[in-house]
Structures are given as C-alpha cells and as structure tokens.
Amino acid sequence: MSVHCNGPTTRARGDAPRDALSREDWPGLALAVAFCELAGIVPGIVTREDVAALNERETVDPDVAPPGRVVPLVWNVLFALMGVALYLVWRDAGDTPEGKVAVGFFSAQLGLNVAWSFVVFGSRARNTYLVGFAMIVPLLLAVAVTVVAFARVSLRAALLLVPYLAWVSFATVLCYRGWRLNR
C-alpha cells in the first residue's frame, strides 16, 4: 500500500499517481474527453426533433430555468471535466480495486445521464418535468456516489466532478419545480 496526497491506495504497479499531465497522457485524455462528450452529443442529435416539439408545448417553465442557449454550453464544459476526471482515475488507479469501483460508478452514472436525455427529450408525456424528475433523482444519487468513489482514488478527479454534481442538483430542483407548476 502506498500513501500519497490523495490518501492511501492499493496499487498493483506500486507507483504513486502523477501530479501533472505529460505528453504521454494526451492520447488517453483526449479519448476520455471525447467519450464523455459523445455521451452528451449523441442523445442531442437523436432527439433533436423531439426537443423542437417539446419547445412548442404549452408548459410553464420554472422562473429559475436558464436560457436554452446556455444549457448546451454548460453541458459541454461538464462533459469535458468528466472526461478529465475519468482519465485521472483510470490512469492512476484503473487497475486497482478502488479504481475499478470508481470507474464502475462513473459508467453507471453516465449511462443514467444518457438515458435521462433520451427519455426526457424523447418523451411525449404530458408532463415532461415529472418524467425528468423521476429519472434525475437516481442520477443525482449516482453522481454523488461517483464523487465519493473518485475521492478515494484522486481528490483532484473528485473535485472535477463537483460542478457536475452542482448542475445535476440544480436540474433536480428545476424538474421538481416544473412538475409542480405543470400538474
């Protein structure tokens, strides 16, 4: 067992995590970021027509809803941060039990995120906010668990997920308020 700035971690290779990214990291980092960005882009492309139909519905949006043009920009940044965090955990501890658990939780929350997008934006339900709220609560819990699992491997990676946790928390409140307004 080695001890480093991120806490104790069992390592198969016996090496401590590196603090800085090197040129050797760029291909893996780019792949991890691209993977996460695709998880956000693909549902948007597939549900594009459904989103347009959703925008034409007569629903009342919560007063705290951000402008529609802001949301994709925020998600692009969040998916990039998720990719960097994933890469750091995979690079530093991907072959350890803690790393495998962390990557497993990350995969689960990313799957829930993608499912949320497909179900909510592809939904023909009368109250899309209710559908969104029902699906986002498990996503919020999965993101919180992922942050904890990442913190056990890399504090830096966990901190990179905090804006994502904050945004999903905000989206949970938004879905709840939208559901209440449109009952």
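Everything that follows concerns the structure shown earlier in this document.
Just so you know, these numbers come straight off a predicted model, no measurement behind them.

Rules used throughout
Residues numbered from 1 in each chain as written. Predicted model: local features only at pLDDT ≥ 70, side-chain atom pairs only at ≥ 80, totals over all residues. Heavy atoms only, no water. Helix = DSSP H or I, 4+ residues; strand = E, 2+ residues; numbered from the N terminus. Buried < 20%, exposed > 50% of the residue type's maximum accessible area, 1.4 Å probe, protein only. Contact = heavy atoms within 4.5 Å. Salt bridge = Lys/Arg side-chain N within 4 Å of Asp/Glu carboxyl O. Phe/Tyr/Trp six-rings, centres within 6.5 Å; stacked < 30°, edge-to-face > 60°. Lys NZ or Arg CZ within 6 Å of the ring centre and 35° of its normal. Core = buried A, V, L, I, M, F, W, Y, C linked by side-chain atoms within 4.5 Å. Axes fitted to C-alpha atoms, helices over the stretch in contact; angles between N-to-C directions. Parallel < 35°, antiparallel > 145°, perpendicular 65-115°, else oblique. Left-handed = near helix turned anticlockwise from the far one by under 90°. Nonpolar A, V, L, I, M, F, W, Y, C, P; charged D, E, K, R; others polar.

Draft legend 1. Here's a closer look at the overall build of the protein. Secondary structure summary: the protein contains six helices and two strands in total. Order of helices (α) and strands (β) in the protein, N terminus to C terminus: β-β-α-α-α-α-α-α. Looking at the protein as a whole, 38% of its 183 residues are labelled buried. A separation threshold of at least 6 residues defines the contact pool for the protein, and within that pool the share at least 24 residues apart is 80%.

Draft legend 2. Quick peek at the pattern of salt bridges. Under the counting rule described, the total for this entry stands at three salt bridges. Residue Asp63 pairs with Arg177 through a salt bridge whose shortest N-O separation is 3.0 Å. Taken together, the residues span a long stretch of sequence, with Asp63 in the loop between α2 (48-56) and α3 (70-93) and Arg177 in helix α6 (residues 155-181) at a distance of 114 residues. Overall, Asp63 belongs to the exposed group, its relative accessible area being 65%. When the shortest N-O distance is used, the salt bridge between Asp92 and Arg91 registers 2.7 Å. No difference in accessibility class separates Asp92 from Arg91, as the two residues are buried.

Draft legend 3. Inspection of the packing of aromatic side chains at higher detail. All chains considered together, the criterion is met by nine aromatic pairs. Where Trp75 meets Tyr164, the ring centres are 5.9 Å apart and the plane angle is 70°; that geometry is what we call edge-to-face. Taken as a pair, Trp75 in helix α3 and Tyr164 in helix α6 lie far apart in primary sequence, 89 residues in all. The burial state of Trp75 is the same as that of Tyr164; both residues are buried. Ring centres 5.7 Å apart and planes at 20° place the aromatic pair Phe106 and Phe150 in the stacked group. On the criterion of sequence distance, the pair formed by Phe106 in helix α4 (residues 97-121) and Phe150 in helix α5 (residues 128-151) is long-range, its members being 44 residues apart. Judged by its relative accessible area of 0%, Phe150 is buried. Put simply, the rings of Trp75, Phe79 and Tyr164 touch in pairs and so form one group of aromatic residues. For the cation-ring pair, Arg180 lies above Trp179, with the distance from its terminal atom to the ring centre recorded as 5.6 Å.

Draft legend 4. Region of interest: the side chain of Asn182. With respect to the helices, strands and loops of the structure, Asn182 is situated in the segment after α6. Residue contacts for Asn182: discarding those within four places in its chain leaves Thr59, Val60, Arg126, Asn127 and Tyr129.

Draft legend 5. Representation of the nonpolar core. Trp75, Phe79, Met82, Phe106, Phe150, Leu161 and Tyr164 are the most contacted members of the largest nonpolar core, which totals 32 residues. Those residues within four positions of Phe150 in sequence are excluded, and the remaining contacts are Ala85, Leu86, Val89, Ala102, Val103, Phe106, Leu155, Ala157, Ala158 and Leu161.

Draft legend 6. Seen up close, the packing of helix α1 (residues 26-46) against α4. Contact geometry for α1 and α4: axes closest at 9 Å, N-to-C directions at 15°. With respect to each other, α1 and α4 are oriented roughly parallel. Between α1 and α4 the crossing geometry is right-handed. Between α1 and α4, the contacting residues are Phe35, Cys36, Ala39, Val42, Pro43 and Val46 on the first element and Phe106, Leu110, Val114, Ser117 and Phe118 on the second. Its residues assigned to classes, the contact of α1 with α4 comprises 10 nonpolar, one polar and no charged.

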